[in-house]
Structure formats: C-alpha cells, structure tokens
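# Remarks on the overall topology
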Amino acid sequence: MTIVKLTTTDGQPVEYRDEIIGQGGMKDVYFSPDRSYVVAFFRDQLDFQGKERLKSIVGAYRDGIYNQKGGDYWRDLFCWPTGIVEKDGRLGVVAPVYRPHFFFSHGSVNNDMLGIKGKEKEGKWFASASNRAKFLAPEEKGSWLSHLQICLMISRAVRRLHAAGLAHSDLSYKNVLVDPSTGKACIIDIDGLVVPGKFPPDVVGTPDFIAPEVIATQHLSKTDPGRKLPSALTDRHALAVLIYMYLFYRHPLRGSKVHDPDSTKDEELSMGAKALFVEHPTDTSNRVRPDHLGKFQVPWGDPARIPYTVAGPLLAELFRKAFVDGLHSPQDRPTPSEWENALVRTMDLIQPCSAKCEMGWYVFDNTTAPRCPCCGTPYKGALPVLNLYSSRHAGAYQADNHRVMVWDGQSLFPWHVNRKIFPNEHLTPDQRQRVGYFQRHQGDWFLVNEGMPQMHDVGVLISTQN
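Below is a summary of the structure that appears in this document. Worth saying up front: this structure is predicted, and the values here are computed from it rather than measured.

### A closer look at the nonpolar core
Within the largest apolar cluster, 92 residues are counted, with the highest numbers of intra-cluster contacts made by Trp80, Tyr246, Phe319 and Trp339. The contacts of Phe319, once residues within four sequence positions are left out, are Ala240, Ile243, Tyr244, Leu247, Phe248, Tyr308, Ala311, Val324 and Trp339. Among the nonpolar cores identified, the runner-up in size contains 16 residues, and Val38, Phe42, Cys186 and Ile188 belong to it.

### Side note on the sheet that holds strand E5 (residues 37-42)
Pairing is antiparallel across the open sheet formed by five strands, whose spatial order is E3-E4-E5-E7-E6. Looking at the sheet topology across the chains shown, the edges are occupied by strand E3 (20-23) and strand E6 (83-87). Averaged over all adjacent pairs, the angle separating strand axes in this sheet is 30 degrees, with direction ignored. Across five bridges, E5 lies against strand E7 (residues 90-96) in antiparallel orientation. Along E7, the bridge assignment pairs Val38 with Ala95.

### Looking at the packing of aromatic side chains
Tallied over the entire structure, the rule returns 25 aromatic pairs. With a centroid separation of 5.1 Å and 75 degrees between ring planes, the pair formed by Tyr249 and Trp300 is classed as edge-to-face. Here the residue Tyr249 occupies a position in the loop between helix H7 (232-248) and helix H8 (263-271), and Trp300 occupies one in the loop between H8 and helix H9 (313-325), the gap between them amounting to 51 residues. On the basis of relative accessibility, which here comes to 7%, the residue Trp300 falls in the buried class. Chaining the aromatic ring pairs together yields one cluster made of Tyr244, Phe248, Phe277, Tyr308, Phe319, Phe323 and Trp339.

### So, the pattern of salt bridges
A complete count under the given rule lists 24 salt bridges for this structure. Residue Asp179 pairs with Lys121 through a salt bridge whose shortest N-O separation is 2.6 Å. On the criterion of sequence distance, the pair formed by Asp179 in strand E8 (residues 176-179) and Lys121 in the loop between helix H2 (109-112) and helix H3 (129-135) is long-range, its members being 58 residues apart. Asp179 sits in the buried class, given a relative accessible area of 1%. Here Glu358 makes a salt bridge to Arg132, at a shortest N to O gap of 3.5 Å.

About the criteria used
- Residues numbered from 1 in each chain as written.
- Predicted model: local features only at pLDDT ≥ 70, side-chain atom pairs only at ≥ 80, totals over all residues.
- Heavy atoms only, no water.
- Core = buried A, V, L, I, M, F, W, Y, C linked by side-chain atoms within 4.5 Å.
- Buried < 20%, exposed > 50% of the residue type's maximum accessible area, 1.4 Å probe, protein only.
- Contact = heavy atoms within 4.5 Å.
- Pairing = 2+ DSSP bridges.
- Helix = DSSP H or I, 4+ residues; strand = E, 2+ residues; numbered from the N terminus.
- Axes fitted to C-alpha atoms, helices over the stretch in contact; angles between N-to-C directions.
- Phe/Tyr/Trp six-rings, centres within 6.5 Å; stacked < 30°, edge-to-face > 60°.
- Salt bridge = Lys/Arg side-chain N within 4 Å of Asp/Glu carboxyl O.

Take a look at the structure:
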C-alpha cells in the first residue's frame, strides 16, 4: 500500500494510506498509517470563502475552544479538524479518528444482516423505535439514563459552539455520533460550521432536522432578504428534535395530518409552513394514528401511550417551548443552556425500574401513582425525596427548584450542596468527586457522608437547644 506524505499549511508532517476508507457527501477519507487520524479531501474545488472558512475553523476558532481553561474537555465532544493539506489542487482536512466506543462492537440482530459491526454509530440507529427493535443488539441500546446523558453532551457541545459565535448548520443524527452504552456523544463535520455574517452555510441541513422557516423559504434566492438560512436559531430547532427523538424514538412533527395530495408538497408543508407538533395541547389534527404503526414502533411510536410529559416537568416545559411556542417563532426556542440545565436536574429525578426492563430508568412523578412508562411496573415502598434550598442571605433560605429522588446507591456531588457549582466543563477534579451516597439497609435509608463536614441534623440541634 502506497503511503503519501504531505505537509499541512502550518508545516506539520502528515501521512496517509492511498486507499479510500470512506466517502461522505463532499469528501473522500483516508487513514493515516497508524490509524490515529484521517485525511479527508474535498472532491470539489473550494472557492475563496470556503478556503477562508477552513482556515478560521482549524485556526482561530479551534484555538478559542481548545486553548482556553477547560479546553481539554471538548476533545471528546467534537471531532475538530487539526490541519489543512493540499494535493493535486484538492484541499483536505486532517482530523482525529473517532473514539473506539463510537463504532459498533456488536453486529445487528439476525447474524448482522446489515453489516454494521465495526461501522460508525450514526445516531439514526438509536433515534427510531423500529431501528432499535429490529436491528440493534441489546448491548448497543443503552438505557433511558444513558440517552439522557447523550442529550446532555449534545446540548453542552452546541452551547459551546454558539458561545464561540458558530452554528453547525447541519445538526442531525447523521452528524452526531452517539454511544448509548456509555452515554457519550460527539459532533462531527465541523469543517462546515457557519459563522453568521462571514461564512454562510454550504447546506440547508438534513431532512427531519431542518427548521420550518428554512423549508418554507427555500424557494427564494439566497440573496433574498426573506430567505432563512441555517443559523444558531435553526440549530435550536434541530437540537430539540434530536433530544425528542433520542428520548422517545419518534419524530415530533410526523403525525397523521395530510396537507396536500402531492407527496413532495405535503412534505414541504408538514415540515415547513404548516409544521405542527404531534402532541400539541390544543390542536389534535396531527396526532399519530396507532393503527398506522408497525409492531416494532410500539409503544414508543404512540405518544398517547408514552407522552413527552414522562420526561418530567423540566424537559416537558422545554418541549412545549420548542414545538408549540417556538416552532414558528425561532426566538422563542429553548437555548442549548436551557436544555443543559433541565437535563442535569432531570437526571436527579430518575429512578431505576424494579423490573429491570429495557429502559432501566424513568422519571419519578410523586404527584401520581409512579410507574415505569416503558413496562408499566409500579414503584413500591417509601422513597426519600430531597428538596434543595440555599441561602442568599443569612438565616433565609429559598427553594432552588432542584429535587433529588433517592435510590439505593444514589450519589451526591458538590453541585448538590453548593448552588454556585454547576456540573460542566469548568469543574475542578475535586468538584467531580462525590461527597456522599444513599444506601438502603434492612428497609431503612442511610446517607453516608463522605465530604460534607458542615452537614448537621437540624432536628437534633433544636432538641439540644430546647
């Protein structure tokens, strides 16, 4: 096998094996000899603006994210290009190889009928109830908790992009690798990022994730002021769709309503100007018809059986903002930070399913008779609930809108005892360590205090003072 040697535009040596190992929509991909990185060449010539975009992404924008305090955190959440090369008039980018857990270690069911073993874990396999049931090995599916963790990772990564003044423009399950077995996610195709007012998008997005206003105005010229192009606001829509699909394995806008007998026109209206949430609280015209669902789509494909509200009050509010208030009003869509905050707090509301069903976890709702929405197993027994409060002024405490549902083995971390700490890329090593955990023993609950020296029993103090 021929080894090609090149030098990046900033003078770094690069080698690759002269054999295409993958082809995307725009690039041909080659492995380095040790398979630690890839070189991906664009098939078409890039114009001046395209070249400048690449220089900025590999240079200033990459430095701004990775060469800051906490920058190492993002190496697992982005597959960011590290260099630019040129050969025979074609530009290419150098990028790290995806982490091993983003490749299928098990084939699909029925003797790997799809040949996915060793292939990339493209998100489409995990966002469809039918795909999950028909094709994925149990070891690849993860749990509902790991899907919450995936959504958190994606939200956090998109938040960082937007903070840097960037938009992805094609945020979808094709450009996000996920691993439900570990709860990890990684955003790819970074070389096409949008810089508003400087570098416009190359594509409008992937069907199912394109914002309604983009579809509704796609017939207009790109220079028409009424044309809506991908931006941070359209990323917000795509992010909400991704989260909904990773938690419920169905699409939030694909219901039973038909807008036009022509399938192409109906698709444009259903995803564009006439888009309607399948779980809209007052307009029921786009409800999913259970008799239209295949056997592999139930129960998740039927919102009447598993509504979005099973995700708990914090996420339910954001789904309403995204698909009711903000569906046709981009400014009203939840920000990545809002999703991040809600997901962190929702993960404190979950309980393990006592039946050990496929999902494994669910959000505990103490306002009703709590039960696992996947298998229907009810929760039995008493359960401690922690309502967190903090003091803004000496002697005065206010609710933090943060509740922790206890389970056997549940851990407490510094952000549970200090409202000024939030679990993100800025945590110090000490702040990542648990400070206590709960344990159930012979029917009684115990809190093991490992790192909360200020904790005291208020009841004991009151009794002593009296």
